Every structure is written in C-alpha cells, then in structure tokens.
Amino acid sequence: MLTPENHALWHAGMSMHRFFLDADDDRFFVEGHGAKVRDQAGRWYLDARSSLWNVTLGFDHPGLLRALHGQLDVLPSMQTIRYDRASAVAAEYANRLCARLPENLTHVRFGNTGSQVTSAAVLLSKYIRKIQGEPERTGVVALESSWHGTGGLATALTGEPDMHDLQAPLVPGVHHIPPPHCPTCPDGASPDVCAEHSAAHLGQLLDRVGAERITALIVEPMMGTRVVEGAPGYLRRLEQICRDNGVHFIIDEVTTGFGRCGDLTLSGSLGVRADMLLLGKGISGGYVPSAALAVDEEIYRAVFDVDPAKIFPHGSTTDGHPLAMAAGLAVLDALAEEDLLAQVRSRGEHLREALGELATRQPVITDVRGRGLLIGLELTGPDGTPMGPAFLEAVRRACEQRGVLLNYTGNCITLVPPFVITRRECDQIVDTIDAVLQELVSQLESWGDDSAGQWTWDRRPGAAAASHA
C-alpha cells in the first residue's frame, strides 16, 4: 500500500488523507487507447471524463502523435514572448486557427492553461482602458457558479463562494450576477425567466456601480461545471448590454470550444460576437498544455502601436510552444478530415436520449441536459432536495468499480467523453449508471427519505460501494 512516506506526489484538488485510505500500488494509469485507459493492474476503464475534459481525440490519435513526434525531431522549443522571431509552426497555427474562428476574431495570442488566458483577457481589457485614458474602468463582471480557473485573478472571476472564502482576500473589483438558470431553482422559475433575471441584474449593476467603471463582462456560453445554458437569446442580450455601455464582452470557451458541444465554438454557432474569446482544454487534444486568447480587430488595434516601454506586460516562457502549436494543427486537421464534429453531435444525441429514457425508470435523475458531448445528470433525493456529495461520490466509485470513470459537481454528474467514443461505449456508460443507481437507490429507499445526507462509502478495494452512516 502507498503511504505518505513512499509516495511523493501531491495530488491537487483532493484530500491526501482520503487518498491514502485505499491507495493501492497499482492504481495508476499507464496506457490509453481510444476512449479507454489501463491501470498498472491491467484493468481497462472507459474514461467518460476525457481525463479532465481535454483528451478530445482519444488517448492514441495517430495524426496527433505523428505531429508531436515530427515537431520534436525538428524544433522542440521556441518562444513567442519578448522576441520577434517565433517558430514557423506558431505563425502557421495562428493563421489556421483564426481562419476557423468567427470572422471578427482576427488575431490570437497563446498561453498554457485556461486560467492563464482568462486572466490575460481581463488584464488586457484593463490595460487598454489605461492606455486609452479610462483608468477608472477596472471593474469586471462574472456569473455566480461560473468557472474561469484558479490562481489570482482567475479565482476571483470564478463564481464559487467556498473557493473565495478559502483564498481571500481576492483581487478586488470583481462583481458576480446570478446565472441564467439554476437547475434546482429555489423559486421554481423557468429558464426564460431566470435568463431575463440574470440579464436585468447586469443592467442594474452597471447603473449602480456606473458603466464607466466597468471594463469587461466574462461569461461561459454553457457553464461547464454544472452544464447550465441560458435560454435562447440570453448571450445576445448580454452582448447588446455590453455594446450599449462600452463594456468588453469576453466569452470563455475553454470547456465548450473546439468541438465539445458539436461546433468549433458554441458562441459562434449561436451567432454571438465576442470582443475576446478564450480557448483551451481540447485545443491540443489534451496531449500538451495549450490555450488561446483570440481578439477582434478593435482590441488588436488598440495595442498595435503603443510605446515600447508600455507594452502589455503579460505572458510566459512556454506560450506558443512548438509542440502545442503542432498539436493544434493536428487537431484542426482531425476535426476537418474525420467529420468529428458531426460525430460529437450524433453521439451526444444518442447519449442524451438513452439517459432520458433511463430517467423515466430512475426518478433520482431529475434532469438530463447539455449539448454535444458535454452532458449533465441532475440527481435529486426522495424528499426533492439535491443529493449530497457523499451519494455522488458513492456513484462515482461504484461506476469506477464497473469500469467507467466519471466526475461530478454538486449533485450533477458530468459526462464529457472523448469525441472518438463509440455508440457501444455510450451504451456502456448508460448501462453502468443504471446498474449503480439501481443498487444505491434501493439501499437509500430501505433507509427512508431522510438518508440522502447520511450516505457514506467503504473505500477498501473490493468493498461494497456504499453504506449508511
């Protein structure tokens, strides 16, 4: 068994104490093929998470592997920051990428993570205000329950109060408005009402704080962690409010972009024009860290000819790394040549239909939502309240024991499989969730309606998936 004394790796975002409760030596992954991964014990798992939502082309895509190997052979590293001679592959990829994005987005700069380019976009907005004589425009608006990453400014933008409490004090000047829809809305309002309520809050905030003090709004077209999308027209309404008030409109598609929802960009398919667009995760197929900040011509021209001593002070050593650029080109080729976007739409529709049918037999599933291969399942207890994290963890672990990897946020299971998933593998996900819920819900019902919050699980290998505390 692993112990803190023989295992040096600190796993981010989880309790290491809990990790070591059942940390067997052969739990680590060593191989991947298609949508599946194998651990050291030889057990294969269907990864319905795409690692952390980023391995879009599967774990062994031949074109992506060839591109990386080829780039390693000729130019394994080169900078794009603070020097006027970047790699040729970075220049080629920037041109190819902008040609595929909404036509108003004409230029792009690269980063390593979604959190980095999220911060870069907001800092760029503030920078432009300063050089244009509006230094008082420093406020930023984001949505409650949104996710824009972690670290410094990104943490402040993310609309998670618990995370804010743990990392306070935060970067000042960030305002949060209600999301466009709460799947478990306490008022029971419809998505249309919630979306209008959210847009109205933006207008009210601009009136209260003063539009002249707000530099940007940042928004996800679909809030990925809970798979929440506003009603039709919601994003266009926000865009119009920003246009009317001179506020930069930043769209974060780190999760939804690069095919995840069935189009290269979800905002583009909805006819929304961003001043800045953020991309990440699947932009490189998840094989190497990469992210992008694409801007329209007005943003680009605002910083085109500034005093060399006052250049936008943001970037890092490995921005636009040649391996990331080669991977990006290979991903663009794969999306175009293998008809993967159509496959994402087809597989996603099949999954949602099958899960919707499952929901008719499993009342604990109270909502199935999403686009393409970004799907959420809302789980609600017998008393009508959201299922607690212990029950969701029991579901996750029981699915893992049956060979399916998934994750969750709150009471929402998120299914985010690779684009190369087969129809049979989609059915395997549904069948596994069905079997797990049948087992766990039957136990829950035998304990009574108040047991949802008392759920725990046995973490020993091979033990029963869950037990009642």
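Residues numbered from 1 in each chain as written. Predicted model: local features only at pLDDT ≥ 70, side-chain atom pairs only at ≥ 80, totals over all residues. Heavy atoms only, no water.

1. Overview of the sheet that holds strand E2 (residues 36–39)
If you trace the 4 strands from one edge of the open sheet to the other, you get E1-E2-E3-E15, paired in mixed fashion. In this open sheet, the two strands that pair with only one neighbour each are strand E1 (29–33) and strand E15 (404–405). Two strands pair when backbone bridges link them, and strand E3 (residues 44–47) and E15 are joined in this way by 2 bridges, in the parallel orientation. Each bridged residue has a counterpart across the sheet, and for Leu46 the counterpart in E15 is Val404. (Pairing = 2+ DSSP bridges. Helix = DSSP H or I, 4+ residues; strand = E, 2+ residues; numbered from the N terminus.)

2. Some points on the environment of His197
Relative to the elements of secondary structure, His197 occurs in helix H8 (residues 191–209). Through-space distance from the C-alpha of His197 to that of Ala35 is 40 Å; in sequence the pair is 162 residues apart.

3. As for the packing of aromatic side chains
By the definition in use, this model includes 5 aromatic pairs. Ring geometry for Tyr127 versus Phe312: centroids 5.2 Å apart, planes at 45°, classification tilted. Within this pair, whereas Tyr127 is found in helix H5 (residues 114–131), its partner Phe312 is found in the loop between helix H11 (297–302) and helix H12 (322–337), the two being separated by 185 residues in sequence. Residue Phe312 is classed as buried on the basis of its relative accessible area of 10%. It is Arg301 that lies over the ring of Phe304; its NZ or CZ is 4.5 Å from the centre. (Phe/Tyr/Trp six-rings, centres within 6.5 Å; stacked < 30°, edge-to-face > 60°. Buried < 20%, exposed > 50% of the residue type's maximum accessible area, 1.4 Å probe, protein only. Lys NZ or Arg CZ within 6 Å of the ring centre and 35° of its normal.)

4. Considerations on empty space enclosed by the protein
The final tally for this structure, using the stated rule, is 1 cavity of 30 Å³ or more. In this structure, the largest cavity encloses a volume near 50 Å³. As for the largest cavity, its lining consists of Arg109, Phe110, Gly111, Gln116, Val117, Ala120, Leu293, His314, Gly315 and Asp319. Going through the elements one at a time, strand E4 (105–111) and H5 are the ones with two or more residues in the lining of the largest cavity. Residue classes in the lining of the largest cavity are distributed as 4 nonpolar, 4 polar and 2 charged. (1 Å grid on protein atoms, 1.4 Å probe; cavity = no way out; pocket = protein on both sides within 12 Å on 5 of 7 lines; lining within 4 Å. Points joined across faces, edges and corners; volume = space filled by probe spheres on them. Nonpolar A, V, L, I, M, F, W, Y, C, P; charged D, E, K, R; others polar.)

5. Considerations on the nonpolar core
Core analysis: the biggest nonpolar cluster contains 95 residues, and Phe258, Leu415 and Ile433 have the highest contact counts within it. Core analysis: the next-biggest nonpolar cluster, separate from the first, contains 26 residues, Ala156, Val254, Ala291 and Val306 among them. (Core = buried A, V, L, I, M, F, W, Y, C linked by side-chain atoms within 4.5 Å.)

6. Quick word on the state of the cysteines
Counted under the stated rule, the structure contains 0 disulfides. For the unlinked cysteine Cys242, the closest cysteine sulfur is that of Cys194, found at 20 Å. A disulfide-free cysteine, Cys399 has its sulfur positioned 14 Å from the sulfur of Cys412, the nearest such atom. (Disulfide = S-S within 2.5 Å.)

7. Comments concerning the pairing of E3
Note that E2 and E3 share 3 bridges and pair antiparallel. Across the sheet, Lys36 pairs through a bridge with Leu46, a residue of E3.

8. Some words on the confidence of the model for the protein chain
Of all residues in the protein chain, 93% have pLDDT values of 70 or greater, and the mean over the chain is 92. Confidence drops under pLDDT 50 across residues 447–469; counting only partners more than four residues distant or on other chains, this segment forms 51 contacts. (pLDDT = per-residue confidence, 0-100. Contact = heavy atoms within 4.5 Å.)

9. Section: the pairing of strand E10 (residues 248–253)
In terms of burial, E10 is a largely internal element, 6 of the 6 residues being buried. On E10, burial covers both faces: His248, Ile250 and Asp252 on one face and Phe249, Ile251 and Glu253 on the other are all buried. Bridge count between strand E7 (residues 214–219) and E10: 4 bridges; the pairing is parallel. Bridging from a neighbouring strand, Leu217 pairs with Phe249 of E10. Of the strand pairs in this sheet, E10 and strand E11 (residues 276–279) are connected by 4 bridges, and their pairing is parallel. Bridge pairing in E11 places Ile251 opposite Leu277.

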